[in-house]
Amino acid sequence: MTVLYHPATVFALSLLCGWAVYLFGRALAPASRVIGGKLKTYACGENVEADSFPTAYHLYHAAFIFTLLDVMALVLGTVTGTAIVWMVAAYLLVGLVAIIILFKD
């Protein structure tokens, strides 16, 4: 019975369950009909063509810095008392150098 706890088995069972839920929802859903602009892309009341929608990556650096700070806080907050001090200090130093490099950009 330990084969049920293998990651590949759990992944396959998850895919099968997800597929079954998808098929169940598809069977319950009403048929889609094309009525006017019902299936067109909507962006705050403007008619925007799907190919011409602008992408903006100006918040990428802020999200990356937040993720880096969050992971650092999680790792450093869960350090045990028996951890090697120089490894904790090195992790903190590398994280701070990465944040400084990101803020320069």
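For the structure, check the block above.
None of these values were measured; they are calculated from a predicted model. (Residues numbered from 1 in each chain as written. Predicted model: local features only at pLDDT ≥ 70, side-chain atom pairs only at ≥ 80, totals over all residues. Heavy atoms only, no water.)

## Some thoughts on the overall build of the chain
Part 1 of the reasoning: When you go through the chain residue by residue, the secondary structure sums to three helices and two strands.
Part 2 of the reasoning: The helix and strand sequence of the chain, counted from the amino end, reads α-β-β-α-α.
Part 3 of the reasoning: Split into buried and exposed, the 105 residues of the chain put 7% on the buried side.
Part 4 of the reasoning: Of the roughly 9600 Å² of accessible surface on the chain, 72% is carried by carbon and sulfur atoms. (Helix = DSSP H or I, 4+ residues; strand = E, 2+ residues; numbered from the N terminus. Buried < 20%, exposed > 50% of the residue type's maximum accessible area, 1.4 Å probe, protein only. Areas by Shrake-Rupley, 256 points an atom, 1.4 Å probe, with all protein chains shown as cover.)

## Brief notes about the packing of aromatic side chains
Part 1 of the reasoning: Following the criterion strictly, the structure yields one aromatic pair and no others.
Part 2 of the reasoning: With a centroid separation of 6.1 Å and 20 degrees between ring planes, the pair formed by Tyr 60 and Phe 64 is classed as stacked. Remark: Phe 64 and Tyr 60 occur in helix α2 (residues 60-77); sequence separation between them is four residues, near one turn of the helix. (Phe/Tyr/Trp six-rings, centres within 6.5 Å; stacked < 30°, edge-to-face > 60°.)

## A word on the packing of α2 against helix α3 (residues 85-104)
Part 1 of the reasoning: Axis separation between α2 and α3 bottoms out at 10 Å; the angle between their running directions is 170 degrees. Taken together, the axes of α2 and α3 lie roughly antiparallel to each other. Residues His 61, Phe 64, Ile 65, Leu 68, Leu 69, Val 71, Met 72, Val 75 and Leu 76 of α2 form the contact with α3, whose own contacting residues are Val 88, Tyr 91, Leu 92, Gly 95, Leu 96, Ala 98, Ile 99, Leu 102 and Phe 103.
Part 2 of the reasoning: Residue composition of the contact of α2 with α3, grouped by class: 16 nonpolar, two polar and no charged. (Axes fitted to C-alpha atoms, helices over the stretch in contact; angles between N-to-C directions. Parallel < 35°, antiparallel > 145°, perpendicular 65-115°, else oblique. Contact = heavy atoms within 4.5 Å. Nonpolar A, V, L, I, M, F, W, Y, C, P; charged D, E, K, R; others polar.)

## Describing α3
Part 1 of the reasoning: Over its 20 residues, α3 extends 29 Å from the first C-alpha to the last, a length consistent with the 28 Å expected when each residue adds 1.5 Å.
Part 2 of the reasoning: Packed against the buried residues of α3 are α2. (Expected span 1.5 Å × (residues − 1).)

## Overview of a nonpolar patch on the surface
Part 1 of the reasoning: Residues Met 1, Val 3, Leu 4, Tyr 5, Leu 13, Leu 16, Trp 19, Tyr 22 and Leu 23 make up a contiguous nonpolar surface patch of about 1100 Å² in total accessible area.
Part 2 of the reasoning: Tracing the backbone shows Leu 16 in helix α1 (residues 7-28). (Patch = residues over 30% accessible without salt bridge, like charges linked within 9 Å, V, L, I, M, F, W, Y side chains within 5 Å. Salt bridge = Lys/Arg side-chain N within 4 Å of Asp/Glu carboxyl O.)

## Some details on the environment of Val 10
Part 1 of the reasoning: Turning to its location among the elements, Val 10 is positioned in helix α1.
Part 2 of the reasoning: Note on Val 10: relative accessible area 41%, which makes it partly exposed.
Part 3 of the reasoning: Residue contacts for Val 10: discarding those within four places in its chain leaves Leu 4 and Tyr 5.

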